[in-house]
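Chains, contacts and geometry: an overview
Okay, here's what each chain looks like letter by letter:
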Amino acid sequence: MHVKSATFVKSAVRPEHYPPADRPEIAFAGRSNVGKSSLINCLVNRRRLVKTSNTPGRTQLINFFDVNDALHFVDLPGYGYARVPASVQRNWRPMVEAYLAGRPTLRAVVLILDIRRTPRAEDLELRTWLASHSLAALPILTKADKFSRQQQGKQLRGVAESLGRDPESLILFSAKSGQGREAVWQAIDRLLPDPPPTDTEGTTP
Ligand code: GDP
């Protein structure tokens, strides 16, 4: 997709505060500090549309962004950060599950993993939860620049095995080098409904 515009729409905690469900949505989820903000910013060619935070895990809001007036990117709060107060951690699950289970326009959840690490319990739980709700998960291994191409392949096969997925279904990505950006967009494009045909005949008055 050629990104012409990308704008912040709003932050929400509860469904009554979400923007209207009037366009397809792609949600982004991952552990705090995994590189989620950097991935979204790279996809939309903006340096700071999503602000990277020095205190990961503090912000517990669902952030909606519009891309090309055609779809929403939905930035879900990061999980698994040990220094987040227990009360905040307890709120994560109902807030995120309410969104994931109740949003009719949600097409897929990008599951962001650090290429250097084996998926943790929270990552696997989310993958299982998405599958049990028949929601498509798109796993992306980020920070690929940390490894040589050969090592990337090895890591990818290991992570695919722990996720129980075909290695072909995982995408290697680096916000630093741009590796994988096109592949991520192609995967997202495949998940979006075909746009309505444009009327090139000029038959309407
Ligand atoms: P978030 O908390 O998941 O939104 O993560 P951020 O996007 O804020 O990134 C967390 C840290 O990882 C920052 O220091 C980033 O500079 C770094 N980072 C993010 N993506 C990459 C990447 O692709 N490669 C490398 N080497 N570092 C990255």
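Refer to the structure printed above.
Figured I'd write up the structure that's included with this text. As the structure is a prediction and not an experimental result, all values here were calculated from the model.

With respect to helix α5 (residues 181-191)
- Within the span of α5, buried status applies to R181, V184, W185, A187 and I188. Looking straight down α5, one finds its buried side chains confined to an arc of 160°; they lie on one side.
- In this structure, the buried residues of α5 make contact with β2 (25-30), α1 (36-43), β3 (62-67), β4 (71-75), β6 (137-142) and β7 (171-172).

Looking at the sheet that holds β3
- Here we have seven strands laid out as an open sheet, ordered β1-β3-β4-β2-β5-β6-β7, and mixed in their pairing. The two strands at the open ends of the sheet, each matched to only one other strand, are β1 (6-12) and β7.
- Inspection of the sheet shows β6 paired to β7 by two bridges, in the parallel sense. Of the residues in β7, the one forming a bridge with L141 is L172.

Things to note about the environment of S162
- Counting through the fold element by element, S162 comes out in helix α4 (residues 149-163).
- You can call S162 partly exposed: its relative accessible area is 28%.
- Ignoring anything within four residues of it in the chain, the contact list for S162 reads T118, P119, L124 and R127.

Structural notes on α1
- For α1, the buried fraction is high: seven of the eight residues fall into the buried class.
- Turning to α1, its buried residues are K36, S37, L39, I40, N41, C42 and L43.
- Turning to α1, the residues buried within the fold contact β2, β4, β5 (106-114), β6 and α5.
- Directly beyond the C-terminal end of α1, a positive phi value near 60° is found at N45.

Considering the pairing of β4
- For β4, the tally of buried residues reaches five of five residues, placing the bulk of the element in the interior.
- Judged by which residues are buried, β4 turns out to be covered on both faces: L71, F73 and D75 on one side and H72 and V74 on the other are all buried.
- As judged from the four bridges shared by β2 and β4, these two strands associate in the parallel manner. Looking at the pairing, F28 lines up with D75 of β4.
- Count of turn residues in the β3/β4 antiparallel hairpin: three residues, of which N68 carries a positive phi of about 60°.

Calculation criteria
- Residues numbered from 1 in each chain as written.
- Predicted model: local features only at pLDDT ≥ 70, side-chain atom pairs only at ≥ 80, totals over all residues.
- Heavy atoms only, no water.
- Buried < 20%, exposed > 50% of the residue type's maximum accessible area, 1.4 Å probe, protein only.
- Helix = DSSP H or I, 4+ residues; strand = E, 2+ residues; numbered from the N terminus.
- Arc of directions from axis to C-beta.
- Contact = heavy atoms within 4.5 Å.
- Pairing = 2+ DSSP bridges.

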